[in-house]
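# Structure assessment
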Protein chains: 8
Amino acid sequence: IRSGFPEVVYCSGKPDEFLASIYQKLYDENGEVFGTRASEHQYEIVKQVLPQVVYDPISHILKIEKEDKEHIGKIAICSAGTADIPVAEEAAQTAEFFGANVDRIYDVGVSGVHRLLAQLDTVQEANCVVAVAGMEGALASVVGGLVSNPVIAVPTSVGYGASMHGLSALLTMINSCANGIAVVNIDNGYGAGYMATQINRLAVK
Amino acid sequence: IRSGFPEVVYCSGKPDEFLASIYQKLYDENGEVFGTRASEHQYEIVKQVLPQVVYDPISHILKIEKEDKEHIGKIAICSAGTADIPVAEEAAQTAEFFGANVDRIYDVGVSGVHRLLAQLDTVQEANCVVAVAGMEGALASVVGGLVSNPVIAVPTSVGYGASMHGLSALLTMINSCANGIAVVNIDNGYGAGYMATQINRLAVK
Amino acid sequence: IRSGFPEVVYCSGKPDEFLASIYQKLYDENGEVFGTRASEHQYEIVKQVLPQVVYDPISHILKIEKEDKEHIGKIAICSAGTADIPVAEEAAQTAEFFGANVDRIYDVGVSGVHRLLAQLDTVQEANCVVAVAGMEGALASVVGGLVSNPVIAVPTSVGYGASMHGLSALLTMINSCANGIAVVNIDNGYGAGYMATQINRLAVK
Amino acid sequence: IRSGFPEVVYCSGKPDEFLASIYQKLYDENGEVFGTRASEHQYEIVKQVLPQVVYDPISHILKIEKEDKEHIGKIAICSAGTADIPVAEEAAQTAEFFGANVDRIYDVGVSGVHRLLAQLDTVQEANCVVAVAGMEGALASVVGGLVSNPVIAVPTSVGYGASMHGLSALLTMINSCANGIAVVNIDNGYGAGYMATQINRLAVK
Amino acid sequence: IRSGFPEVVYCSGKPDEFLASIYQKLYDENGEVFGTRASEHQYEIVKQVLPQVVYDPISHILKIEKEDKEHIGKIAICSAGTADIPVAEEAAQTAEFFGANVDRIYDVGVSGVHRLLAQLDTVQEANCVVAVAGMEGALASVVGGLVSNPVIAVPTSVGYGASMHGLSALLTMINSCANGIAVVNIDNGYGAGYMATQINRLAVK
Amino acid sequence: IRSGFPEVVYCSGKPDEFLASIYQKLYDENGEVFGTRASEHQYEIVKQVLPQVVYDPISHILKIEKEDKEHIGKIAICSAGTADIPVAEEAAQTAEFFGANVDRIYDVGVSGVHRLLAQLDTVQEANCVVAVAGMEGALASVVGGLVSNPVIAVPTSVGYGASMHGLSALLTMINSCANGIAVVNIDNGYGAGYMATQINRLAVK
Amino acid sequence: IRSGFPEVVYCSGKPDEFLASIYQKLYDENGEVFGTRASEHQYEIVKQVLPQVVYDPISHILKIEKEDKEHIGKIAICSAGTADIPVAEEAAQTAEFFGANVDRIYDVGVSGVHRLLAQLDTVQEANCVVAVAGMEGALASVVGGLVSNPVIAVPTSVGYGASMHGLSALLTMINSCANGIAVVNIDNGYGAGYMATQINRLAVK
Amino acid sequence: IRSGFPEVVYCSGKPDEFLASIYQKLYDENGEVFGTRASEHQYEIVKQVLPQVVYDPISHILKIEKEDKEHIGKIAICSAGTADIPVAEEAAQTAEFFGANVDRIYDVGVSGVHRLLAQLDTVQEANCVVAVAGMEGALASVVGGLVSNPVIAVPTSVGYGASMHGLSALLTMINSCANGIAVVNIDNGYGAGYMATQINRLAVK
Ligand SMILES: Nc1ncnc2c1ncn2[C@@H]1O[C@H](COP(=O)(O)O)[C@@H](O)[C@H]1O
Ligand SMILES: Nc1ncnc2c1ncn2[C@@H]1O[C@H](COP(=O)(O)O)[C@@H](O)[C@H]1O
Ligand SMILES: Nc1ncnc2c1ncn2[C@@H]1O[C@H](COP(=O)(O)O)[C@@H](O)[C@H]1O
Ligand SMILES: Nc1ncnc2c1ncn2[C@@H]1O[C@H](COP(=O)(O)O)[C@@H](O)[C@H]1O
Ligand SMILES: [Mg+2]
Ligand SMILES: [Mg+2]
Ligand SMILES: [Mg+2]
Ligand SMILES: [Mg+2]
Ligand SMILES: [Mg+2]
Ligand SMILES: [Mg+2]
Ligand SMILES: [Mg+2]
Ligand SMILES: [Mg+2]
């Protein structure tokens, strides 16, 4: 794997038999396998061929992970509300699967900025920060102003009305006036976890 | 004036002769006159009939104001960047013309949240806070989380690219997860100053 | 509670166990508890732990409220069509829970403007007016032109076709040419009721 | 002319020589000629070949009209603000050129609904009403609720910020909950005057 | 009924008991009753109180209509594809209920323009034409160019992908370069039938 | 040139010196040179180095073309209004420069469908048809329904209000219900001429 | 059939009885019948009247095809991801039904450009290339740069978040800087297969 | 400077006197000063107080830079077309000013993918890649698939028609199916250069 990253399964929409066989194949090749956006039903399907598979109903991650994996560096994952946790966890567990240490700083939305400031040290020490927020998505700018290392912003589809399924949060983050912020797709915790891992590895190397 | 507010001139696009005569008429009736969105050229036009008229090139307000006007209560006007000051000043001078005391807390954008926290007392004491911001417009949410009184959010057209002339900031503010925030049109400092005055009067009465 | 407002539960999407425990906890702390966007199913869940909980299938409010609560001042809640009543009731009951007197002026949409004029006195006496409307959302402008106190406009997702789930009504309200109007998110009766309460308290104090 | 309507020149963007020759040609054929969206410069150009041509800088109509033209029926043209008058006049003068009687009811925007009610009789007597409004465009719904005959709604590009050059007013009008309203393009006074004339003729015949 | 039109029930979303009682009440008052957007289920509900009620599963109209109603004038209803027929029928039956004669010219979409030309006489004789089309919505322009009387254009939500649930067809129709076209909301057959009836009555009177 | 097409210059925005040198270079290599979107000023610049260069102020094409070029096959270019001619000419002259015979069928917009039908034979004989239209863009569908060969649809930015600079016409064309239509970018006459040439060559070969 | 193409059934939304009878009728006339967007349920319905009908659950094509049909020329169908295969197959089977030879080059998305380069010869030999891609839709530009013959680009609704159900891919393809690309509606494999067949026939003739 | 980055001046829109004094102040403090989005006129203004200031009319950067600055690591800046170079240079010179080595790989748009492949080694060796592209913005995905280190994607406003001033390119990049890509605002070369420098420093440390 030239990129240094194992292949990850995007489970959503995969037919049952296809999913089972791809999990089997990747497990045989790598001794572990990691998939995102899996449903409860897909868990049942894969469990039939790989009984040791583990499903997290929060992040919708379905995986078999090698034990005693070494974790390096530090990534901080901040999220605004409790409803953003599924996306934050997709980012966090992706980064952990790829071998990074992760600090979770959840429920620190900007309508109560002291909650974030209370954990400032943890955020500032990370090699890369992932900021996950729906609704107005303002968390990324506040975090970006507080840290010196890069921030990956993840808009989420949390919200209603003019949140337009995450488009408002995406626009907020793309227009951020803070330095050192770049944005991934709505709900793309996986993509943020991946890029944070790339940066964390460069920092540790 | 049943509403308790004098008529205000929206200068933008008014033909020269019409503008001059409306300023003359309102001045004759009230002994003062207040207009927004005036150009340098319109200042020259009105000055010919009312030499005492005063023009502020920042806020684009063109006015004759009675001296020794009494000011009551307290409104706080927060703005994110220096480029938002014209809109903030439109709000501030509108509220002052309508008889409110105004505290200006400028350049406290969320990418440096400590600048806002440093002036927290002033913001919290106001009967109403106006939060003016372009680009990602996140200021309103942070302010909303820090104060107990109502916040009027004003998106500005400051920004470029995906700011879409203020639409992104408007969406951010409408989606705010903080309590006690309502939003006016892009660059509508006047409207925010008006409503803040209404609230301030109710509080003082 | 520094803000003077008790915490409110946003029920939508909360897992069953989590919802039950948060209702229990808030009830234990405050002797009352108030939640919005609750489903019939969530009512059943909470009733198991707090049998005295009351559910309103119109507003989707799920609450236990202290008896003999004092109500102050006056807020008027106007709504355009019968389909907007759920949002209007979310606003009204929120304001009442927070201790305000509320006048309901429903079904006064602008396609029959005499219905609104017939109740003009009630609307004009309120310290704050909430205007709730979907489809073209024109109610806010008409109300804004008739009253001297602030108007909180709530667009609703009522409509079809080019109503775009409330975006058209939101744009109408944001562009209002009447003085003293500010807008909250689509269907955000809670937010309007909250801010109306803030203003009403300032007026009564 | 099978349709019963003479050809009208859309002047905007027409090259000088082309414009002059088309005016000459239509005048030779019909003894009169009517064009919309003409500039001051185009007036000068056409005046050189047809010195009797008349230019209205408000409506931007450039025409030679037969004298003693008979006018039939009645069309009412309502407009919201003074800035909407150019579009209202395009509608009014178009209808008059096509032979209709026109009543102008201007500056009756919904933020002061009594101004419209004061002229209710005139509006209700017309065979067709044209409602012209920018910003939030709410006039059409209020008018539609007050009259029994058809209403043609014309959104205008008047406004700023979230008015999006008339798109907001267009959406408002398309979503109207009043009966008997249909909408033409932004600033299309000509189109509204045309259709109002068609209806007025059917009513008189 | 000052407007000369009986009240029509918009069934969609009405609770069962409320719907039954409103049908009962209107039937008692007028000896007939007419509702749009009714579901099969709502038909069952109303049939229990008014067994003579008739349901059309195509147009979703639920009605009791007086016998031997007189019909006047002529309205032509053109539709583009078979999938647009539900909306065309909503328009047609609305106009018939209100006492107009209706000619149906269906399946004459512009990708086969000779189908429309083959029925040109019928279309040209009508006092008003309703043009119903989804997808690219081009029918309104072609019809508008062929007839002298007013055209009411109804965009439908028929289509997929970039049709955006009817917004594309709406834009097409609003931008029509043909004279004498105005547009109602997406899928609003009722509104078109109503306004066509107004025009037809004026023509017959 | 593997693709069989010479390089074409997109003049818009190119600095003067750069433009002159690129024209010189391409002329030296090929004995001819072809550029689109050239301004009058750019014509003057290039004329200084290549006096034989020819500028067409309608299409904004700036070129030196070999004499006695052979032209093959047949492409038909239809346009809706006179304002669409610049884009139609960009397509036509591009195809001619690349060696195709072109038939121009201009001013055949759908609001007068008989103008198009009068030239049906010419359109049906072409190997490929380019349909150019702004405003509602309905021409492509009507043409598509009349011919058996492929249609390239070109939306133009002609229009105002809800035409949104060509986006409405683009959406109309993309949603066409006629068979055998594909769409290029707004005002992209060049792209349509290019692809029509590719198809024409395949047909002749 | 003047166009040289048999009629194709768009099954989506057709009532059961209507679908069965149209299949029967077309089969009787032509000895074969071809429909797109059919559901499993519709397959069962049609099988009752035409037991030999064949259903492909991937492409959702439901057909009876004549045996020993001759196929001519060559069309290449490229697709980006496995999730785009249903649309690619709709294009491929449409072209095959219309008598074209088709080469399938699937799973050659631009995030691994070597996969496409590995099959470059096949793509370059085709008379026409169909490029099918969702998410960012970049495949069309890369293919367009590699081949000399026309490319029909098909955006798909594959993706999430800011893919906006295919609108992002559509915009990508319409803005392509490669020569010789035109675009059809989102998920419109049928339309692409149709136009590719037209071009392929012209090339073979 | 806790962040390790000196303050940068965003010149656009700054009043003349203010700009001159801020350049003077920053130069006095740091012995160098760097500003983006400067006009020719602003260059003249600043030159009057700081004659040694250097202006680059391509990138619109206005700076005084210390000599013999050390540069570390390696950033690759890829751009699609020549019209994207101003934005690419804003990124490149920003990164160089902050002390990074930069490789420029320009004019490697995806419509000629071999140009990019020819410089693959350079791109793959960089610690971070910046991909700058307008129109369809597909470069980021192709680059992302070729390198293992993070890619910062910068959409530009280059294009016309449906490019919507860069929004299309932004959407393309946000939807990228390649791993390790995050996006900044349209034309935000500065922001990309900043974040690339952060990553490059982490990699070198
Ligand atoms: N949640 C996710 N969001 C976006 N991309 C993902 C996600 N999970 C996995 N992927 C990407 O999708 C690829 C697998 O796609 P597929 O071949 O369709 O399973 C992986 O290699 C990742 O690049
Ligand atoms: N209907 C509503 N719309 C918007 N915000 C609400 C609503 N109901 C409650 N909230 C807010 O959501 C907060 C609770 O969110 P949560 O912690 O997710 O339950 C409350 O404190 C309110 O600020
Ligand atoms: N202001 C206007 N807005 C829209 N259409 C107009 C306007 N004025 C004239 N027209 C139409 O444009 C046609 C003339 O267009 P043209 O041939 O380009 O001059 C007239 O016959 C009218 O149908
Ligand atoms: N299909 C329809 N689309 C739009 N408006 C309708 C429709 N059917 C009825 N209406 C209108 O809705 C009104 C009844 O609304 P409601 O009081 O909610 O039943 C009628 O008087 C009509 O003005
Ligand atoms: Mg930072
Ligand atoms: Mg607050
Ligand atoms: Mg008011
Ligand atoms: Mg009416
Ligand atoms: Mg007509
Ligand atoms: Mg065809
Ligand atoms: Mg090519
Ligand atoms: Mg990569």
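These numbers come from a predicted model, not from an experiment. Throughout, residues of each chain are indexed from 1 in the direction in which the sequence is written. By the order in which they are written, chains take letters starting at A while ligands take numbers starting at 1. The predicted origin of the model limits local features to residues at a pLDDT of at least 70 and limits the giving and counting of side-chain atom pairs to 80 or more, whereas totals for whole chains, interfaces and linings rest on all residues. Hydrogens and water are ignored here; the side-chain numbers use all heavy atoms of the structure.

## Considerations on the overall build of chain A
To qualify as a helix, a DSSP run of H or I must reach at least 4 residues; to qualify as a strand, a run of E must reach at least 2; elements of each kind are numbered from the N terminus. Within chain A one finds eight helices and nine strands. Summarising its shape, the C-alpha atoms of chain A cover approximately 50 × 45 × 25 Å along the three principal directions. Among the 205 residues that make up chain A, the fraction classed as buried is 62%. Accessible surface area values rest on a Shrake-Rupley calculation with a 1.4 Å probe, where residue burial reflects the displayed protein chains alone. Carbon together with sulfur atoms contributes 51% to the accessible area of chain A, which is approximately 7,100 Å² in total. In this tally Asp and Glu are treated as negative and Lys and Arg as positive; neither His nor the chain ends contributes. Charge positions are represented by NZ for Lys, CZ for Arg, CG for Asp and CD for Glu. Computed over 13 positive and 23 negative side-chain charges, the inter-centroid distance for chain A is 6 Å. Each residue gets one of three labels from its accessible area relative to the maximum for its type: buried under 20%, exposed over 50%, partly exposed in between, using a 1.4 Å probe on protein chains only.

## Comments concerning the interface of chain H and chain G
Here, residues are in contact when the closest pair of their heavy atoms is within 4.5 Å. Residue-level contacts link 24 residues of chain H with 25 residues of chain G. Buried area between chain H and chain G, summed over both chains or domains, comes out near 2,000 Å², and the portion from carbon and sulfur atoms is 69%. By convention, the term buried area covers the 1.4 Å-probe accessible surface removed from two parts as they join, with the contributions of both added. Taken as a group, S111, E136 and N175 of chain H account for 28% of the area that chain H buries against chain G, more than any other trio of residues on that side. Salt bridges are identified by distance alone: a Lys or Arg side-chain nitrogen within 4 Å of an Asp or Glu carboxyl oxygen. Linking chain H to chain G there are zero salt bridges. N or O atoms within 3.5 Å of each other form a polar contact, as long as, within protein, one can give a hydrogen and the other can take it, and as long as residues adjacent in sequence are counted only when both atoms are side-chain atoms. Between the two partners, chain H and chain G, sit 13 residue pairs in polar contact (both at pLDDT 80 or more). Those elements giving two or more residues to the side of chain H that touches chain G turn out to be α4 (113–117), α6 (139–146) and α7 (167–174) of chain H. In this classification, the charged set is Asp, Glu, Lys and Arg, the nonpolar set is Ala, Val, Leu, Ile, Met, Phe, Trp, Tyr, Cys and Pro, and all remaining amino acids, among them Gly, are polar. Its residues assigned to classes, the side of chain H that touches chain G comprises 14 nonpolar, nine polar and one charged.

## Details of the interface of chain C and chain B
Taken together, the contact between chain C and chain B spans 30 residues of the former and 30 residues of the latter. Together chain C and chain B conceal approximately 2,500 Å² of surface at their shared face, both sides included; 55% is due to carbon and sulfur atoms. Summed over the three residues of chain C that lose the most area to chain B, namely S148, I174 and L202 of chain C, the buried surface amounts to 24% of that side. Scanning the region where chain C abuts chain B turns up zero salt bridges. Across the contact surface, chain C and chain B share seven residue pairs in polar contact (both at pLDDT 80 or more). Listing elements by their share of the side of chain C that touches chain B, those giving two or more residues are α6 (139–146), β8 (151–155), α7 (167–174), β9 (181–183) and α8 (189–204) of chain C.

## Concerning the pattern of salt bridges
Opposite charge on two side chains permits pairing when their charged atoms draw close. Tallied over the full model, the rule gives 80 salt bridges over all chains. In this structure, E32 of chain C and K69 of chain C form a salt bridge, with 3.0 Å as the shortest nitrogen-oxygen distance. Separated by 37 residues along the polypeptide, E32 of chain C in the loop between α1 (16–30) and β2 (33–36) and K69 of chain C in the loop between β4 (61–64) and β5 (72–79) bring together distant segments of the chain. Take E32 of chain C: its relative accessible area is 10%, and that puts it in the buried class. Salt bridges sharing common partners tie together E32, K63, E65 and K69 of chain A.

## A closer look at the UniProt feature "domain: PurE" (unreviewed entry) in chain A
Per the UniProt record, "domain: PurE" (unreviewed entry) is found at residues 73–205 of chain A. As annotated, residues 73–205 of chain A has a helix share of 42% and a strand share of 20%, and its two end C-alpha atoms lie 9 Å apart. UniProt positions are given in the numbering used here, feature names are shortened, and annotations may be inferred rather than shown by experiment.

## Description of the packing of helix α1 (residues 16–30) of chain E against helix α2 (residues 40–49) of chain E
Residue and element names in this part refer to chain E. Two elements in contact, α1 and α2, have axes separated by 9 Å at closest approach and are oriented at 50°. Classified by the angle between their axes, α1 and α2 sit oblique to one another. Considering the relative orientation of α1 and α2, their crossing is right-handed. Residues D16, L19, A20, Y23 and Q24 of α1 form the contact with α2, whose own contacting residues are H41, Q42, I45, V46 and V49. A class-by-class count of the residues in the contact of α1 with α2 yields six nonpolar, three polar and one charged. The axes are straight lines fitted to the C-alpha atoms, using for helices just the contacting stretch, and the angles between their N-to-C directions are given from 0 to 180°. The scheme is simple: roughly parallel for angles under 35 degrees, roughly antiparallel for over 145, roughly perpendicular for 65 to 115, oblique for anything else. With the far helix as reference, a near helix turned anticlockwise by less than a right angle produces a left-handed crossing, and one turned clockwise produces a right-handed crossing.

## Considering the relation of the copies chain C and chain B
Superposing chain C onto chain B requires a rotation of 180° together with a translation of 0.0 Å along the rotation axis, leaving an RMSD of 0.0 Å. Such a turn and shift between the copies fits a two-fold axis. With an isologous cut-off of 70% or more, the 100% of interface residues of chain C that recur at the interface of chain B puts this contact in the isologous class. Here the copies are superposed with least squares, the fitted atoms being C-alpha atoms of residues at a pLDDT of at least 70 in both.

## Focus: the coordination of the magnesium ion (ligand 5)
We call an atom a donor if it is N, O or S and sits within 2.8 Å of the metal, or 3.2 Å for Na, K and Ca. Water is not counted, so some sites may look partial. Coordination sphere of the magnesium ion (ligand 5), protein contribution only: G144 of chain A (O) and V147 of chain A (O), at 2.2 to 2.5 Å. Exposure class is identical for G144 of chain A and V147 of chain A. Each is buried.

## Here we look at the site of ligand 3
When we say a residue is near a molecule or strand, we mean one of its heavy atoms is within 4 Å of it. Every residue lining ligand 3 is accounted for by V8, Y10, K14, T36, R37, E90, N188 and Y190 of chain D, N179 of chain E together with Y160 of chain F. Among the chains of the assembly, those with residues near ligand 3 are chains D, E and F. A distance of 2.6 Å separates a nitrogen atom of ligand 3 from a polar atom in the side chain of T36 of chain D. Measuring from a nitrogen atom of ligand 3, one finds a side-chain N or O atom of E90 of chain D at 3.2 Å. Contact with the protein chains removes 76% of the 500 Å² of surface that ligand 3 exposes when unbound. Here the residues of the shell around ligand 3 are counted per class, giving four nonpolar, three polar and three charged.

## Section: the side chain of S163 of chain A
Counting through the fold element by element, S163 of chain A comes out in the loop between β8 (151–155) and α7 (167–174). The contact partners of S163 of chain A, leaving out residues within four places of it in the chain, are V158 and S168 of chain A together with N175 of chain B.

## A few points about the pairing of strand β2 (residues 33–36) of chain H
Residues and elements named next belong to chain H. Here β2 shows a buried face lined by V33 and G35 and a second buried face lined by F34 and T36. For strand β1 (residues 9–10) and β2, the ladder comprises two bridges, and the chain directions are parallel. In the sheet register, V9 faces β2, and the bridge partner there is G35. Each parallel crossover has a hand, and the one from β1 via helix α1 (residues 16–30) to β2 is right-handed. For two strands to be treated as a pair, DSSP must find no fewer than two bridges joining them. Pairing of β2 with strand β4 (residues 61–64) involves three bridges; the strand directions are antiparallel. Handedness rule for crossovers: strands pointing away from the viewer, path from the first strand over the helix to the second running clockwise, crossover right-handed.

## What about the site of ligand 1?
Every residue lining ligand 1 is accounted for by V8, Y10, K14, T36, R37, E90, N188 and Y190 of chain A, Y160 of chain G together with N179 of chain H. The environment around ligand 1 is built from residues contributed by chains A, G and H. Take Y10 of chain A: an N or O atom from its main chain is 3.3 Å from an oxygen atom of ligand 1. The side chain of K14 of chain A places a nitrogen or oxygen atom 2.9 Å from an oxygen atom of ligand 1.

## With respect to the arrangement of the chains
At the C-alpha level, the nearest point of chain A lies 20 Å from chain F, with no contact between them. With no contact formed, the shortest span from any C-alpha in chain C to any C-alpha in chain G equals 15 Å.

## Considering the packing of aromatic side chains
Pairing of aromatic rings covers Phe, Tyr and the six-membered ring of Trp, with a centre-to-centre limit of 6.5 Å; geometry is then stacked below 30 degrees between planes, edge-to-face above 60, and tilted otherwise. One pass over the full model with this rule turns up 64 aromatic pairs over all chains. Centroid distance F5 of chain D to Y194 of chain D: 4.1 Å. Interplanar angle 25°. Geometry classified as stacked. Separated by 189 residues along the polypeptide, F5 of chain D in the segment before β1 (9–10) and Y194 of chain D in helix α8 (residues 189–204) bring together distant segments of the chain. On the basis of relative accessibility, which here comes to 4%, the residue F5 of chain D falls in the buried class. Among the aromatic side chains, those forming a connected cluster through ring pairs are F5, F34, F97, F98, Y190 and Y194 of chain A. Criterion for a charge above a ring: Arg CZ or Lys NZ at most 6 Å from the ring centre, at most 35 degrees from the ring normal. Lying across the ring of F5 of chain C, R201 of chain C places its NZ or CZ 4.0 Å from the centre. One cation-aromatic arrangement involves R37 of chain E over Y160 of chain C; the distance from NZ or CZ to the ring centre is 4.2 Å.

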